[in-house]
Amino acid sequence: MYNPEIKIQKTELLSNNKYLLNKVTFDYKKNDNSWITQKREVYDRGNGAAILLYNSENKNIILTRQFRLPTYLNGNKNGMLIEACAGLLDLDEPEQCIIRETEEETGYRITKVQKVMEAYMSPGVLTEILYLFVGEYNESMKVNDGGGLEEEQENIEVLEMKYEQAYAMIATGEITDAKTILLLQYAKINLGL
């Protein structure tokens, strides 16, 4: 990774609680060839993966609902967020991660997923790349009730609904999570739900 128009001057560790928060001082060459110095806080929590589970037979999808403190602190009245199943890669490849997370969060054991895109979700502050997938499910794949892992203090509600109902929830503001909106729009264009 080298761009001659960026010179990293200093990286200061601000927090290493669970993930890394650094303050980075860097020089940046502008279009007029002058240089400016900037400081930015950069949060590194690793990369993640998310999936939209869909059933092409009955046109249902699986989403989750869980409490998200940052949204609560920024005006989400009850802090609950409806979103696609997701998780951090940790040491896994994206496909391995999302297959594992799908079973932990939703209770469905899937073996085949399709990667549809990669996206930076908040590039002004997060280093995270999110790998987005779709995967087909049916009732025979259900192996447990999902809900997340107790040791990770997860409390996840599994929601099965018609695709059209979920898509309409974007317009009503009931679904505000960016990865979920991207996946629902992908499904509208590409999956014929």
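Please read these numbers as outputs of a predicted model, since none were measured by experiment. (Residues numbered from 1 in each chain as written. Predicted model: local features only at pLDDT ≥ 70, side-chain atom pairs only at ≥ 80, totals over all residues. Heavy atoms only, no water.)

Undergrad: I'm lost on the UniProt feature "domain: Nudix hydrolase" (unreviewed entry) in the protein chain in this one. Help?
TA: Within this structure's numbering, the places UniProt gives as "domain: Nudix hydrolase" (unreviewed entry) are residues 44-183. Each end of residues 44-183 is marked by a C-alpha atom, and these two atoms are 24 Å apart; helix forms 24% of the span and strand 33%. (UniProt positions renumbered as here; feature names shortened; annotations may be inferred. Helix = DSSP H or I, 4+ residues; strand = E, 2+ residues; numbered from the N terminus.)

Undergrad: I keep staring at the pattern of salt bridges and nothing clicks. Help me out?
TA: Opposite charge on two side chains permits them to pair, given that their charged atoms come into close proximity. Here the structure, examined in full by the defined rule, presents 14 salt bridges. With a shortest N-O distance of 2.7 Å, Lys 179 and Glu 83 are connected by a salt bridge. Residue Lys 179 is located in helix H4 (residues 178-190), and its partner Glu 83 is located in strand E6 (residues 80-83); the two are separated by 96 residues in the primary sequence. One salt bridge connects Lys 179 with Asp 177, and the closest N-O pair in it is separated by 3.0 Å. Asp 177 carries the same exposure label as Lys 179, and that label is buried. One network of salt bridges, with partners in common, ties together Asp 90, Asp 92, Arg 100, Glu 101 and Glu 104. (Salt bridge = Lys/Arg side-chain N within 4 Å of Asp/Glu carboxyl O. Buried < 20%, exposed > 50% of the residue type's maximum accessible area, 1.4 Å probe, protein only.)

Undergrad: Is there a simple way to think about the environment of Tyr 28 in this case?
TA: Tracing the backbone through its elements, the reader meets Tyr 28 in strand E2 (residues 20-29). Judged by its relative accessible area of 37%, Tyr 28 is partly exposed. When the C-alpha atoms of Tyr 28 and Asn 3 are compared, they prove to be 9.9 Å apart, with 25 residues separating the residues in sequence. Setting aside anything within four residues of it in sequence, one finds Tyr 28 in contact with Glu 5, Ile 6, Ser 34, Trp 35 and Ile 36. (Contact = heavy atoms within 4.5 Å.)

Undergrad: Can you walk me through the side chain of Thr 106 in this structure?
TA: Relative to the helices and strands, Thr 106 resides in helix H2 (residues 94-106). A polar atom in the side chain of Thr 106 sits 2.5 Å from the backbone oxygen of Thr 102. Here Tyr 108 takes part through its backbone nitrogen, which lies 3.3 Å from a polar atom of the side chain of Thr 106. Sequence-distant contacts of Thr 106, that is, excluding residues within four places in its chain, are made with Leu 53, Ile 62, Thr 64, Cys 85, Glu 101, Lys 142, Asn 144, Asp 145, Gly 146 and Val 158. (Polar contact = N/O pair within 3.5 Å; in protein donor to acceptor, adjacent residues only side chain to side chain.)

Undergrad: It is not clear to me how the side chain of Thr 64 should be interpreted in this structure. Could you clarify?
TA: For Thr 64, the location among the structural elements is in strand E5 (residues 60-67). Apart from the residues within four sequence positions on either side, Thr 64 is in contact with Leu 81, Ile 82, Glu 83, Ala 84, Cys 85, Glu 105, Thr 106, Ile 156, Glu 157 and Leu 159.

Undergrad: Before we go on, may I ask you to explain the pairing of E2 in this structure?
TA: Side-chain positions along a regular strand alternate between the two faces of the sheet. Relative to E2, strand E1 (residues 6-15) is paired through eight bridges, and the arrangement is antiparallel. When the bridges of E2 are listed, Ile 6 appears paired with Tyr 28. Where E2 hands over to strand E3 (residues 35-44), the hairpin turn is made up of five residues, of which Asn 33 adopts a positive phi near 75 degrees. (Pairing = 2+ DSSP bridges.)

Undergrad: For this particular structure, what's the right way to read the nonpolar core?
TA: Generally speaking, a soluble globular protein has its nonpolar side chains buried in company with each other. Leu 52, Ile 61, Leu 63, Ile 175 and Leu 183 are the most contacted members of the largest nonpolar core, which has 24 residues in total. Secondary structure elements with two or more residues in this core: strand E4 (48-55), E5, strand E9 (129-136), strand E10 (157-162), helix H3 (163-172) and H4. Looking at this core, the element that brings in the most residues is H4, giving five residues. If we ignore the near neighbours within four places in the chain, the residues touching Leu 183 are Ala 50, Ile 51, Leu 52, Ala 84, Val 116, Leu 132, Phe 133 and Val 134. In this structure, Ile 62, Cys 97, Ile 98 and Phe 133 belong to the second largest nonpolar core, which totals 14 residues. (Core = buried A, V, L, I, M, F, W, Y, C linked by side-chain atoms within 4.5 Å.)

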